[in-house]
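This is what each chain is made of:
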Amino acid sequence: MSRSLVVFEDSRWRDLRPLTDLTPVPALAFGASCLAERIAQAVGLPLAAIAARPDCVAACRTAPRPAGGIEAGA
């Protein structure tokens, strides 16, 4: 069985405003990577998908592109 990781943005993204006004939470920058990449590295699993606000993901150029693609719609 192959395991992979899905990182999602929950309904509390507004708590991180203004950082999350134009950037989905999983794409927030942390040094040379983003939150989703850091989580994937910490758990040792490949990033399969990101579930976040569709409008925000479409506008974000820094969102990681996981092997499974980005799922818009959280």
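So, how was this worked out
- Residues numbered from 1 in each chain as written.
- Predicted model: local features only at pLDDT ≥ 70, side-chain atom pairs only at ≥ 80, totals over all residues.
- Heavy atoms only, no water.
- Helix = DSSP H or I, 4+ residues; strand = E, 2+ residues; numbered from the N terminus.
- Buried < 20%, exposed > 50% of the residue type's maximum accessible area, 1.4 Å probe, protein only.
- Contact = heavy atoms within 4.5 Å.
- Areas by Shrake-Rupley, 256 points an atom, 1.4 Å probe, with all protein chains shown as cover.
- Core = buried A, V, L, I, M, F, W, Y, C linked by side-chain atoms within 4.5 Å.

## Regarding the overall build of the chain
- The helix and strand inventory of the chain stands at two helices and five strands.
- The N-to-C order of helical and strand elements in the chain reads β-β-β-α-β-α-β.
- Of all 74 residues assigned to the chain, the portion counted as buried reaches 36%.
- Across the chain, contacts joining residues at least 24 apart in sequence account for 47% of those joining residues at least 6 apart.
- As displayed, the chain offers around 4900 Å² of accessible surface, 55% of which is attributable to carbon and sulfur atoms.

## Here we look at unusual backbone geometry
- Cis geometry marks the peptide bond from Arg 17 to Pro 18; its omega dihedral reads 5 degrees.
- In this structure, Pro 18 sits in the loop between strand E1 (5–8) and strand E2 (29–30).

## Overview of the nonpolar core
- Formed by Leu 5, Val 7, Cys 34, Ala 36, Ala 40, Leu 47, Ile 50, Ala 52 and Val 57, the largest nonpolar core amounts to nine residues.
- Sorting the residues of this core by element identifies E1, helix H1 (35–43) and strand E4 (47–52) as the ones contributing at least two each.
- Counting residues per element, this core draws most heavily on E4, at three residues.

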